[in-house]
Amino acid sequence: MARTSERKRISFPAAELPSGGRKVIVSGRREIAIFNVEGNLYAVKNRCPHQQAPLAAGAVGGTRLASDVGTYRDGLEGRILRCPWHSYEFDLDNGRCLVEGERFRVATYEVKRESEEIAVYV
Amino acid sequence: MTTEGNPLLIDVDVHHQYESIKDLAPYLSKREMERAYLPSGGGRSTNPRGVMRKDVITPEGKPAGSVPETMIEGHIDRYGIDLALLNPGVLSLGGIPFTDLAVSLARATNDWTAAEWLPVDDRFIASIAIAPQDPVAAAAEIRRHADNPRMVQVGMTSAPVLMGDRFMHPIYEAANELKMPINLHVGGATKGVNLGDYPVGQGATFFETHIGMCIPAIYHVISLVAEGVFVKFPDTYIVLNEFGLAWLPFVMWRLDMEYRASRIDVPWLTEMPSEHLRKHLRFSTQPLETPEDPRKLVTLLELVEAEEMLLFASDYPHWDFDSPELALKGFPADWKRKIMCDNAFEVYRLEQRLGIGRRQPALV
């Protein structure tokens, strides 16, 4: 990852991304999808590594964790983004797909609230 | 360096959709409209996370696929598709228990396609929906569209019997006469009164049932070969739509193996079963069972010389949509040209039907 001084900072008013919302920003030729999940901010490249679907249109929620046969364990609430096309699941925290996580990994970006703005570092 | 232009991009599986069955009112009698319905059921083969792509947004929240302008902008124009073959989104038509209702809904669907979709964009071509419950009525419905060159295929989403069964032959006779392929699209086998995809149990998760949906195609291919459909109707093709295709080598090799031992049961075959299939069976490319190294899939298909058997399909606007830009990653360039253009020209006789060439004019 580039040193802080080499990264570009893109910001917008925090009011443009309330909790439960999503927003797409553009940096050069890159689109970045930003999610506000009950105050937790995540930013990923807006292209699914599988077939380039727009991840910003995907559902955000939880998933089922590994469990014993015939049992279910819900978890990772608010952490999982499902691709709007083939439903691949990505952990918003690190961009890894829940299946073959390294093969299908979406780029993540640092994003944080800075007083009245939300700033993304690309 | 070639002087010919770029090959056209043909998408053989795009789904147009009613907003609701009431859209058929102009094409049905009052009595027929009162009785019209499409069976629900088949829940086990319906994706619990949604059937449509989540990013297809239509005006006023209408169902994805029901607004031509959205489809044109979001898919046809977006990917530079030169011809889109519209398969109506009526998976349960073949499962309706009331035969005459199914026949009238098929007829009305075709009238709706011809009146409300084909005139909107020259790039639309379409399948003739039929109700296979009544093969004689289906044959008449096929012939009714003989003079519309943009109706290029017969389409059904389930078969009430194995597809080779002589019950179905009137359909093939009409298609053969018009030199038109017959398309079986996945998805109707679990709807209405149809028997389902598996003879042994139904599966407990969508993960299983979605795979299971391709199994009936294997039964149908074996039946079509055994009953001599490809001998009796040499001017038609069977197009299997959305059943996958990586199982093809198994079926071809196994059929040939059985033929060596039991030819006496099928004395009407004129060549090896795999040859009949190579000549008359076609597959849409969606979904592709692509392994991590996509060249392995190409190798598998090379083993049975299948490069002319594949037709590119996106399945827009369904969730398992394949992007025209990426679906054939790993395929050699000459395969891509055939799969995205030339094979469709052969199967649908596009030059003869539409008077178009298969290459765009070369830039001077």
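Residues numbered from 1 in each chain as written. Chains lettered and ligands numbered in written order. Predicted model: local features only at pLDDT ≥ 70, side-chain atom pairs only at ≥ 80, totals over all residues. Heavy atoms only, no water.

**Side note on the interface of chain A and chain B**
Part 1 of the argument: With 11 residues of chain A in contact, the opposing surface of chain B contributes 14 residues.
Part 2 of the argument: When residues of chain A are sorted by the area they lose upon contact with chain B, Gln51, Trp85 and Arg103 of chain A head the list and together hold 48% of the total.
Part 3 of the argument: Applying the counting rule to chain A against chain B returns one salt bridge.
Part 4 of the argument: Across the pair Arg103 of chain A and Glu292 of chain B runs a salt bridge whose closest N-O atoms are separated by 3.9 Å.
Part 5 of the argument: Joining chain A to chain B, the criterion identifies five residue pairs in polar contact (both at pLDDT 80 or more).
Part 6 of the argument: The residue inventory of the side of chain A that touches chain B, partitioned by class, reads four nonpolar, four polar and three charged. (Contact = heavy atoms within 4.5 Å. Buried area = accessible area lost by both parts, 1.4 Å probe. Salt bridge = Lys/Arg side-chain N within 4 Å of Asp/Glu carboxyl O. Polar contact = N/O pair within 3.5 Å; in protein donor to acceptor, adjacent residues only side chain to side chain. Nonpolar A, V, L, I, M, F, W, Y, C, P; charged D, E, K, R; others polar.)

**Topic: the sheet that holds strand E1 (residues 9-13) of chain A**
All names here are of chain A.
Part 1 of the argument: What the three strands build is an open sheet, ordered E1-E9-E8; its pairing is antiparallel. Of all strands in the sheet, those with a lone pairing partner are E1 and strand E8 (110-114), marking the two edges. Pairwise comparison of adjacent strand axes, ignoring direction, gives a mean angle of 20° for this sheet.
Part 2 of the argument: Where E1 and strand E9 (residues 117-121) come together, five bridges link them in antiparallel fashion. Along E9, the bridge assignment pairs Ile10 with Val120. (Pairing = 2+ DSSP bridges. Helix = DSSP H or I, 4+ residues; strand = E, 2+ residues; numbered from the N terminus. Axes fitted to C-alpha atoms, helices over the stretch in contact; angles between N-to-C directions.)

**As for unusual backbone geometry**
Residues and elements named next belong to chain B.
Part 1 of the argument: Backbone torsion omega between Gln286 and Pro287 reads -5°, so that peptide bond is classified as cis.
Part 2 of the argument: Within the secondary structure layout, Pro287 lies in the loop between strand E7 (281-284) and helix H11 (295-303).
Part 3 of the argument: Cis peptide bonds are those with omega within 30 degrees of zero, and the linkage from Tyr316 to Pro317 qualifies with 5°.
Part 4 of the argument: Its location among the elements puts Pro317 in the loop between strand E8 (310-311) and helix H12 (333-348).
Part 5 of the argument: Within the chain, Asp315 stands out as a residue other than glycine whose phi angle is a positive 65°.
Part 6 of the argument: Among the secondary structure elements, Asp315 is positioned in the loop between E8 and H12.

**Quick word on the packing of helix H3 (residues 99-116) of chain B against helix H4 (residues 135-144) of chain B**
Residue and element names in this part refer to chain B.
Part 1 of the argument: Viewed as axis vectors pointing N to C, H3 and H4 meet at an angle of 10°, and their least axial separation amounts to 10 Å. Comparing their axes, H4 and H3 come out roughly parallel. Seen from above, H3 lies across H4 with right-handed handedness. Taking contact as the criterion, the partners of Val103, Ala106, Arg107, Asn110 and Asp111 in H3 are, on H4, Ala137, Glu141 and Arg144.
Part 2 of the argument: Tallied by class, residues from the contact of H3 with H4 come to three nonpolar, one polar and four charged. (Parallel < 35°, antiparallel > 145°, perpendicular 65-115°, else oblique. Left-handed = near helix turned anticlockwise from the far one by under 90°.)

**Some thoughts on the sheet that holds strand E5 (residues 182-185) of chain B**
Residue and element names in this part refer to chain B.
Part 1 of the argument: With respect to topology, eight strands assemble into an open sheet ordered E1-E2-E3-E4-E5-E6-E7-E8, the strand pairing being parallel. One side of each edge strand has no neighbouring strand; the edge strands of this open sheet are strand E1 (10-16) and E8.
Part 2 of the argument: In this sheet, strand E3 (residues 124-129) lies alongside strand E2 (residues 83-88) in parallel orientation, the contact comprising three bridges. When the bridges of E3 are listed, Ala84 appears paired with Phe124.

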